[in-house]
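# Geometric and topological summary
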Amino acid sequence: MGPGLGGKEACQHVASFLIGAALPTALLVLLASDRLGEGLSTISSSWGPTPTTKMPAPTAGGPLASNLSAGSAAPAAVTHGQQSVGFAGLPELLPKVATDDGTVIITSVNEAFARPGSLLDVFRESFRAGEGIEHLLDHVLVVAVDGMAFAHCKAVHPHCYLLEVRSSMNLSSANKFMSDAYVELVWTKLSLQQRVLELGYNFLFTDVDIVWLRNPFWHVSVLADMTTSSDVFGGDAGSLDDNLPNTGFYYVKASNRTVEMLRRWRAARARFPPNHEQAVFNEIKHELAGGDDLGVRIRFLDTARFAGFCRIYHSDMAAACTVHANCCFGLENKLYDLREVLGQWRNYTALTTVEKTSRKFMWKDPTKCGTPDKIDRSTNP
């Protein structure tokens, strides 16, 4: 190229100016290279308004900043030495599902969970019954672990992904808790989630036996690497000792740190056989969070908002975001009680504002699912 209108001397001045302007930017990029998510907020306006809290605006030039417009190309992949392999078609699918800020909601199903009238239908129905969250269904990726589940998914949902699971076990049926097939199923999600992070996407994983009632993203900590629901919440969202995690619902911000977290989590399976992934995470959470080696920042969600059948009696309908059929055994029991939850929710949302604020509306004890709510405290204190 020629020197342009100002001649060679003008060109040199322009070059000097551009180099000087670029250096601060390069330094900022270098300082932030450990993480994609150091900004105070990556919560996109696509999540919709909150009735009570105004979230801070995304930081200019912050995480995934080049992908904040709808329909943009996939964010830059996270650089990591132990990248997963496989997952054909996933890089092409994620941009179609992701929100403007590069977040994908993920759930997984087998044939028993995906067949008509089963958990996938109840899960999807909850988004339509919830308060202003139906649009979030457009950002849900349903991961099917068998061919029939994939076919059922394609019949009702726009974004389905068939995860090839190499196993001699029958993964299609409603497997009993802690059976070999159950353990295999819950571990399959981690390798795919690691790949999602490597491709530069944040994710919120949700079990399919969870009903969504309000937007949960307003309660995801913007300063944490991982925000997870709880079976037991002790009151301090940052306490590793007082909270018992439930990894049926958790958000992870894409970064090199969280890719390594998923890798170590998967590797720890061999140290704690034959446990499922949630129990192993609880065993290693101090390792992941402690010291300068990794230092993952973990926050826990209050069971008052993110309820489960383990502690349903703590949850007020006015605060509820999700309800999880945890502490419950049997597919039919889960279906029955989750449908009851949606029935209670519809009755509640049909009330006037005055009626809603006149008193607290608490969830009823689950009818079919045996939970700690039903303990006879006169004989079992």
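Residues numbered from 1 in each chain as written. Predicted model: local features only at pLDDT ≥ 70, side-chain atom pairs only at ≥ 80, totals over all residues. Heavy atoms only, no water.

The name given to the chain in an unreviewed UniProt entry is Nucleotide-diphospho-sugar transferase domain-containing protein, and the organism recorded there is Urochloa decumbens.

## Observations concerning the state of the cysteines
Selection rule: What counts as a disulfide here is a pair of cysteine sulfur atoms lying within 2.5 Å. The helix and strand labels rest on DSSP assignments: H or I over at least four residues marks a helix, E over at least two residues marks a strand, and numbering proceeds from the N terminus. Only protein chains enter the accessibility calculation, which uses a 1.4 Å probe; a residue is then buried when its area is under 20% of its type maximum, exposed when over 50%, and partly exposed in between.
Applying the stated criterion across every chain, the model contains 3 disulfides. The disulfide partner of Cys-310 is Cys-327, and the gap between their sulfur atoms is 1.8 Å. Disulfide Cys-310-Cys-327: torsion about the S-S bond near 90 degrees, hence right-handed. With a gap of 17 residues between them, Cys-310 in the loop between strand S9 (306-308) and strand S10 (322-324) and Cys-327 in the loop between S10 and helix H9 (331-349) connect regions that are remote in the sequence. Paired through a disulfide, Cys-328 and Cys-369 show a sulfur-sulfur distance of 2.0 Å. Measuring handedness by torsion sign, the sulfur bridge of Cys-328 and Cys-369 sits at about -55 degrees and is left-handed. Highlighted residues: Cys-328 in the loop between S10 and H9 and Cys-369 in the segment after helix H10 (353-358), separated in sequence by 41 residues. There is no split in this pair, since Cys-328 and Cys-369 are both buried. Counting its disulfide-bonded cysteines in sequence order, the chain shows a connectivity of 1-2, 3-4, 5-6.

## Describing the pattern of salt bridges
Put simply, the test is: Within this document, salt bridges are pairs made up of a side-chain nitrogen of Lys or Arg and a carboxyl oxygen of Asp or Glu, the two lying within 4 Å of each other.
Scanning all chains against the criterion turns up 12 salt bridges. When the shortest N-O distance is used, the salt bridge between Lys-334 and Asp-209 registers 2.7 Å. Here Lys-334, found in helix H9, pairs with Asp-209, found in the loop between strand S4 (202-206) and strand S5 (210-212); they are 125 residues apart in sequence, far enough to count as distant. On the basis of relative accessible area, Lys-334 is assigned to the buried category, the value being 15%. Overall, Asp-209 belongs to the buried group, its relative accessible area being 9%. A salt bridge links Arg-271 to Glu-287; the nearest nitrogen and oxygen atoms lie 2.7 Å apart.

## Some details on the nonpolar core
Let me state the cut-off plainly: Buried Ala, Val, Leu, Ile, Met, Phe, Trp, Tyr and Cys residues form a nonpolar core when they are joined through side-chain atoms within 4.5 Å. Note on contacts: a residue pair is in contact if any heavy atoms of the two residues lie within 4.5 Å.
Ranked by size, the top nonpolar core spans 50 residues in total, and within it Trp-212, Phe-309, Val-323 and Trp-363 carry the most contacts. Considering every element that reaches this core, the biggest residue donor is H9, with 7 residues. Contact partners of Val-323, with chain neighbours within four places excluded, come to Asp-209, Ile-210, Val-211, Leu-213, Ala-307, Phe-309, Ile-312, Leu-338, Val-341 and Trp-363. Membership of the second largest hydrophobic core comes to 43 residues, among which are Leu-90, Val-97, Phe-203 and Met-226.

## A closer look at the environment of Thr-357
Note the threshold: In protein, a polar contact requires one atom able to donate a hydrogen and another able to accept it; more generally it is a pair of N or O atoms within 3.5 Å, and residues adjacent in sequence count only if both atoms are side-chain atoms.
Mapping Thr-357 onto the fold places it in helix H10. Sequence separation of Thr-357 and Ala-318 is 39 residues, and the distance between their C-alpha atoms is 8.6 Å. A distance of 3.0 Å separates the side chain of Thr-357 from the backbone oxygen of Thr-353, its partner in a polar contact.

## Quick look at the packing of helix H4 (residues 119-129) against H9
What counts, and what does not: Only the stretch in contact is used when a helix axis is fitted, and all axes are lines through C-alpha atoms; the angle between N-to-C directions ranges over 0 to 180 degrees. These descriptions rest on fixed angle ranges, namely under 35 degrees for roughly parallel, over 145 for roughly antiparallel, 65 to 115 for roughly perpendicular, and the rest for oblique. Should the near helix be turned anticlockwise from the far one by less than a right angle, the crossing is termed left-handed; should it be turned clockwise, right-handed. Under this grouping Gly is polar, as are all residues other than the nonpolar Ala, Val, Leu, Ile, Met, Phe, Trp, Tyr, Cys and Pro and the charged Asp, Glu, Lys and Arg.
Viewed as axis vectors pointing N to C, H4 and H9 meet at an angle of 10 degrees, and their least axial separation amounts to 10 Å. Judged by the angle between their axes, H4 and H9 are roughly parallel. Judged by the sense of rotation from one axis to the other, the crossing of H4 with H9 is left-handed. Residues Leu-119, Val-122, Glu-125, Ser-126 and Ala-129 of H4 lie in contact with H9, whose contacting residues are Leu-331, Lys-334, Leu-335, Leu-338, Arg-339, Leu-342, Trp-345 and Arg-346. Residues belonging to the contact of H4 with H9 are distributed by class as follows: 8 nonpolar, 1 polar and 4 charged.

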